[in-house]
Amino acid sequence: MNLEELQTLWKELDEKIQQQELLRQEEIKRILTTRKESAMEKLIRIERTGLVFLIVCAVFFYIAWTQNPYFGMLNGVLVSLFLLTGIVFQFRFCWMLQDIEQEKNLERQLIEIVRYKRNTNLSYLIGYAGVFAFIVLFMIQFGSLKALMILTGITGVALTVDFYLYHYIRDKVKNFIQASKELSQFNL
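Numbering of residues starts from 1 in each chain and follows the order in which that chain's sequence is written. With the structure being a predicted model, the display of local features is reserved for residues of pLDDT at least 70 and the display and counting of side-chain atom pairs for 80 or more, all residues being used for whole-chain, interface and lining totals. Neither water nor hydrogens contribute to the side-chain values; these are computed over all heavy atoms in the structure.

K.L.:
Outline the packing of aromatic side chains, listing residues and values.
P.N.:
Each aromatic pair joins two rings of Phe, Tyr and Trp (for Trp, the six-membered one) with centres within 6.5 Å, and gets the label stacked for planes under 30 degrees apart, edge-to-face for over 60, and tilted for any other angle. Throughout the structure, instances matching the rule amount to five aromatic pairs. For the pair Phe93 and Tyr116, a centre-to-centre distance of 5.8 Å together with 85 degrees between the ring planes defines the contact as edge-to-face. With a gap of 23 residues between them, Phe93 in helix α2 (residues 73-102) and Tyr116 in helix α3 (residues 106-141) connect regions that are remote in the sequence. There is no split in this pair, since Phe93 and Tyr116 are both buried. Judged by centre distance (6.3 Å) and plane angle (35 degrees), the ring pair of Tyr124 and Tyr128 falls under tilted. With Tyr124 and Tyr128 both in helix α3 and four residues apart, the pair spans about one turn of that helix. Taken together through their ring pairs, the aromatic side chains of Phe89, Phe93 and Tyr116 make up a single cluster. Runs of H or I in DSSP of at least four residues are treated as helices and runs of E of at least two as strands, each being numbered from the N terminus. The cut-offs for exposure are 20% and 50% of the maximum accessible area for each residue type, with area from a 1.4 Å probe on protein chains only; residues under the lower value are buried, those over the upper are exposed, and the others partly exposed.

K.L.:
How would you explain the layout of surface pockets if you had to name every residue and give the values?
P.N.:
Counted as a void, the largest pocket has a volume near 1,900 Å³. Here a cavity is any set of points on a 1 Å grid over the protein atoms alone where a 1.4 Å probe fits but cannot get out, and a pocket is any open set with protein on both sides within 12 Å along at least 5 of 7 lines; a residue lines the site when it has an atom within 4 Å of a point. Along the wall of the largest pocket there are 49 residues; nearest its centre are Phe53, Leu54, Phe82, Val131 and Ala158. Elements with a minimum of two residues in the lining of the largest pocket: α1 (3-67), α2, α3 and α4 (145-186). The element best represented in the lining of the largest pocket is α4, accounting for 13 residues. Taken together, the residues of the lining of the largest pocket sort by class into 34 nonpolar, 12 polar and three charged. Grid points are joined across faces, edges and corners, and a volume is the space filled by probe spheres set on the points. Its volume calculated, the second largest pocket comes out at about 240 Å³. The wall of the second largest pocket is formed by 13 residues, among which Thr33, Lys36, Glu37, Glu101 and Gln109 lie closest to the centre. When residues of the lining of the second largest pocket are traced back to their parent elements, those giving at least two are α1, α3 and α4. Ranked by residues supplied to the lining of the second largest pocket, first place goes to α1 with five residues. Think of it as three bins: nonpolar holds Ala, Val, Leu, Ile, Met, Phe, Trp, Tyr, Cys and Pro, charged holds Asp, Glu, Lys and Arg, and polar takes everything else, Gly as well. Residues of the lining of the second largest pocket, tallied by class, amount to four nonpolar, three polar and six charged.

K.L.:
Can you tell me about empty space enclosed by the protein, naming the residues and giving the values?
P.N.:
Tallying each qualifying case throughout the model produces one cavity of 30 Å³ or more. If you trace the largest cavity, you find it lined by Lys117, Thr120, Asn121, Tyr166, Ile169, Arg170 and Val173. Looking at which element gives the most residues to the lining of the largest cavity, the answer is α4, with four residues. Within the lining of the largest cavity, the residues separate by chemical class into three nonpolar, two polar and two charged.

K.L.:
I'd like a description of the environment of Arg115, backed by residues and values.
P.N.:
Among the structural elements, Arg115 can be located in helix α3. With a relative accessible area of 26%, Arg115 lands in the partly exposed category. Each C-alpha atom of the pair Arg115 and Met96 lies 9.0 Å from the other, and the pair is 19 residues apart in sequence. Throughout, a residue-residue contact means that at least one pair of heavy atoms, one from each residue, lies within 4.5 Å. In contact with Arg115, other than residues within four places in its own chain, are Arg92 and Met96.

Rendered as structure tokens:
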């Protein structure tokens, strides 16, 4: 084998290695983009489901309140404000996620997803304060053992579901941020 043949083979091998490296980087970018989009789709789905749930609860509560005047005006107003605030928060979260999904700038997406996370944490604090106020008012008005058992059961189930939803959303936000940061490193 002479030197020219060896140089030709070396160039061909080098080109194949460079092509494989480019293909590998493109495949990694595609995987990261898919992971990021999947996390975003799951966040949007959970927020829309929460919005539908709150709207159904508001309709159910309205029907129950109008059919049972014994429920009381103060409790009715408090629950109505609580549900309406939740619906407004859910609309806002859905809107924020739509904006994040449409944003093409990775840096801006990261800023907005952190803002979304901060706002969801704030909504949890406000929500728990509202639930606590409702429980206190409910127990003052309907302080029977049966009411206490029902309220304790409903609160326990709600807190359990809320705990899992909080961690689910937190994990999806973390996955989104991690995938975005890794993608930004590829784009440097």
